[in-house]
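Okay, here's what each chain looks like letter by letter:
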Amino acid sequence: MTQTDAVETRRKEAYFTASQGQLIWARFRRNRSAMIGGAVLILLVFMGLFAPFLSPYDPTVAGRNPDYTNGAPQIPRFCDDQGCSARPFIYGVTRERSIETNFRWVTEIDTDDRRYLQVFVEGDSYRMLGIRGDIHLFGVDEGKIHLFGTDAAGKDIFSRTLHAINTSLAVGTLGVLISFVMALVIGGIAGYFGGVIDGVVQMITDAVRTVPAIPLFMAMAAFVPDTWSAETRFFFISIILGLIGWPTLARRVRTHLLVERNQEYVLAARLAGARPGHVIRRHLLPSFTSYIIVDLVISFPYMVLSETALSFIGLGLKDPVNSLGVMLQNTTSADVLLNYQWYFIPVLFFMALVMAFVFVGDGLRDAADPYGERG
Amino acid sequence: MLQFLQFTLIRAAMALFTLFMVSLIVFTLMELVPGNCAERYLAFKNTQGASITVEDIAAEERRLGLDRPFLVRWGDWVSDVFLRGEFGDSCILRLDINDLLGDKFLISLGICLTALLLAYLIAVPVGIIAASSRNAVLNGTLRFVSYLGLAMPNFLLALIIMLVSTVMFGDSLTGLFSNEFRDAEWSWARVQDFLSRAWLPVFILGWSATAFALQTVRALMLDENDKLYVTAARARGLYGRRLLWRYPARHALGPIVNSLGFDLNRVFNELPIVAAILTLTEAGALLLDALAKSNDQQLAGAIIFLLTASIVTLNFVTDIALAAVDPRVRKSVVGG
């Protein structure tokens, strides 16, 4: 046997003995847009998870810069008229408001005042993944740096954006998990028992599906008393998202169970004497975990979109909490549109997040479909 | 014919059942809001200087019938809505809800349906062409654009258009009527005025609906394109547009007509936010106001119910239309 034949055989053997996960990964890897989406997604999740460390300041009022409210983004540079430096720097600013400036804040950039970027600087203390710390990835030696500018209260938009990604992902995850459990139970009951129970459950599911979700979200979110703390609000909103998101998923679980429970391998297992619990655990569940994961990824952007919509109209999360919806809400005034366009930077992150999820979900769906392979 | 009649009746019964379920959901939501009408009325009296006691509230509850059990009150509400089309009074605004809504709901419905129509007028031909073309660049671009339609929030589009029109034309394009027509009776001039402004919400709502519809049309066409009957038709010498329209497109359009109701659902979802930004005076904005500001559960309940009822109606109509065209649908009475 020549060497190429051996390689070929090994490749074929690897293909035939590959687990479902390996097959899906192999197909997924060939989809370029899904891979790019995946990379963006991992980057964003990473940014969200390590937001307290990556962001230079506290995202709440505690970390605000009162001397630079509504400040423009400060982009670090290496060179200017006075020569270059290996360490990037930003310029210091002076602000003035007087009768000459018509009582508006006017910002002067002082090109003689270089402020050098530092790494691992000590700053506001934070908790990240249960660990306390006060070291931030970067900062400047003097004053503060605002990569994405600041908002009306002087809060750093870069720091807020990172924390917002974290919150939005957390709300989405919690919502998806809740709807996932409900979908498994309800869809599982309908699918496993079939018949009349299935019919009744289907009718109820359809009724819930017909009600437009956002008005329903709004109605439920309207019960949240203003006195609730940010955390309670956060959990309540996630629960609402979960409670309304289940019907689509439940329908898929049900359809899948209805098909799978009549398959030969289930019959074979039953004939071999396996108990129902064993059949469900060892045979039915593994047959569609990959589909469920795909469905979860696909439903994720809708959770994020719903959270954004709710927060945007002021019924979801509110200002001390940073979520993408809260950040988007800040962009609505005409003043922002005309004068402070950097408020829109978080919108780009929001769009990137949703697009990344959609592309990855799409790629996963194609990859998980064993009949999808053509040619 | 008998089969068709049977199908229609069963579908109508199912639609009615769904409406009942929805009314239960909506009514439960209304009940969950803290405080009831009796408290609201008396709280108003309190601001007028009268002192009120717990007994006063209980008496008012009896007068309004609020002391009866939950299901009885639900039955009352449902029969009022179904038999007489009455949604009762809003306790916050102290007005009859039907007067309050007036033609606002119809305007909203009109805007949404037009947006949906626009979406499919674009999506069907473009989707069919995209599915049958092997041009990778075209397909990739279309996919990207339609995902962008999903990810780009509607309000952002609205804001950008508002900004551009304010800077370029000096008119913010907001609202549904210009000042002189706002409270006027319906007339031809008012209709013209309305149309000159309604295109903007229609366009914005249609934008993401188009993105979505495009995906569906393309996916369905791709599924159909590979089927044997298409190959057979091609083997008989049919090609190009004639082949597409006569064979795969017909089959692909069935599921699309079927899902129109859920598309309307999606458009309704976006209506309140767009309405809030463009300051439209229609039901979506009214709903947002009732929920976010005044906590007016009767008004909110009525609007949500009306929205859902129009979705159920559209679902019913599309079901019947499909059954009239396609005999196979008639046979599957319950299946969906």
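In this text, all values refer to a predicted model and were calculated from it rather than measured experimentally.

(A) Representation of the overall build of chain B within the structure. Scanning chain B from N- to C-terminus turns up 16 helices and two strands. Expressed as a percentage of the 336 residues in chain B, the buried residues total 33%.

(B) Up close: the confidence of the model for chain B. Considering every residue of chain B, the mean pLDDT works out to 78; 89% of them sit at 70 or more. Interface confidence in the predicted complex, given as ipTM, is 0.71; pTM for the same model is 0.79.

(C) Spatial organisation of the sheet that holds strand E4 (residues 131-140) of chain A. Residue and element names in this part refer to chain A. Ordered by their spatial adjacency, four strands build an open sheet running E1-E2-E3-E4, and the pairing between neighbours is antiparallel. Of all the strands in the sheet, just strand E1 (77-80) and E4 have a single pairing partner and so form its edges. Neighbour-to-neighbour, the strand axes of this sheet turn through a mean angle of 60°, independent of strand direction.

(D) Looking closely at the pairing of E1(A). Inspection of the sheet shows E1(A) paired to strand E2 (residues 83-96) of chain A by three bridges, in the antiparallel sense. Its bridge partner lying in E2(A), Asp80(A) is registered against Gly83(A).

(E) How the structure looks around the domain arrangement of chain A. Residues and elements named next belong to chain A. Each assigned domain of chain A is listed with its residue range as follows: domain 1 (65-152) and domain 2 (161-373). If you average the C-alpha positions of domain 1 and of domain 2, the two centres end up 39 Å apart. Contacts between the two partners involve six residues from domain 1 and, on the opposite side, six residues from domain 2. Grouping the constituent residues of the side of domain 1 that touches domain 2 by class yields three nonpolar, two polar and one charged.

(F) Just helix H9 (residues 264-271) of chain A, in detail. Counting buried residues along H9(A), only zero of its eight residues qualify, which leaves the element largely exposed. Taken from the residues just after H9(A), Gly273(A) is the one with a positive phi, measuring 100°.

(G) The nonpolar core, seen in detail. With 145 residues, the main nonpolar core has Phe217(A), Leu205(B), Val274(B) and Ile303(B) as its most contacted residues. Counting residues per element, this core draws most heavily on helix H13 (residues 345-368) of chain A, at 14 residues. Not counting residues within four places of it along the chain, the set of residues in contact with Phe217(A) comprises Ile240(A), Ile244(A), Ser306(A) and Leu310(A).

(H) Spatial organisation of the packing of helix H6 (residues 104-132) of chain B against helix H13 (residues 260-277) of chain B. Residues and elements named next belong to chain B. In contact at an axis separation of 10 Å, H6 and H13 are set at 125° when each is read in the N-to-C sense. Classified by the angle between their axes, H6 and H13 sit oblique to one another. When the axes of H6 and H13 are compared, the crossing they make is right-handed. Only Asp-263, Leu-264, Val-267, Phe-268 and Leu-271 of H13 make contact with H6, whose side of the interface consists of Ser-108, Cys-112, Ala-115 and Leu-116. Here the contact of H6 with H13 is built from residues that sort into seven nonpolar, one polar and one charged.

The rules behind each value
- Numbering of residues starts from 1 in every chain and runs along the sequence as written.
- Working convention: letters from A go to chains and numbers from 1 go to ligands, in the order in which they are written.
- With the structure being a predicted model, the display of local features is reserved for residues of pLDDT at least 70 and the display and counting of side-chain atom pairs for 80 or more, all residues being used for whole-chain, interface and lining totals.
- The numbering of helices and of strands both runs from the N terminus, where a helix is a DSSP run of H or I of at least 4 residues and a strand a run of E of at least 2.
- In this scheme the burial state of a residue depends on its C-beta neighbours within 10 Å: 20 or more other such atoms mean buried, 12 or fewer mean exposed, and anything in between means partly exposed; the C-beta positions come from the backbone.
- Values of pLDDT, which run from 0 to 100, indicate the predictor's confidence residue by residue.
- Following DSSP output, two strands are said to pair if at least two bridges run between them.
- The axes used here are C-alpha line fits, helices contributing only the stretch in contact, and every angle between their N-to-C directions lies in the interval 0 to 180 degrees.
- Throughout, the edges of the domains are those of an automatic or database domain assignment.
- Residue pairs are scored as contacts if the distance between their C-beta atoms, which are placed from the backbone, is within 7 Å.
- Following the grouping adopted for this structure description, the nonpolar residues are Ala, Val, Leu, Ile, Met, Phe, Trp, Tyr, Cys and Pro, the charged ones are Asp, Glu, Lys and Arg, and the polar ones are all others, Gly among them.
- For this entry, the nonpolar core is defined as buried Ala, Val, Leu, Ile, Met, Phe, Trp, Tyr and Cys residues connected by C-beta atoms within 7 Å.
- The labels follow the angle: roughly parallel below 35 degrees, roughly antiparallel above 145, roughly perpendicular from 65 to 115, and oblique for the rest.
- Definitions for this section: a left-handed crossing has its near helix turned counterclockwise from the far helix by less than a right angle. A right-handed crossing has that turn clockwise.

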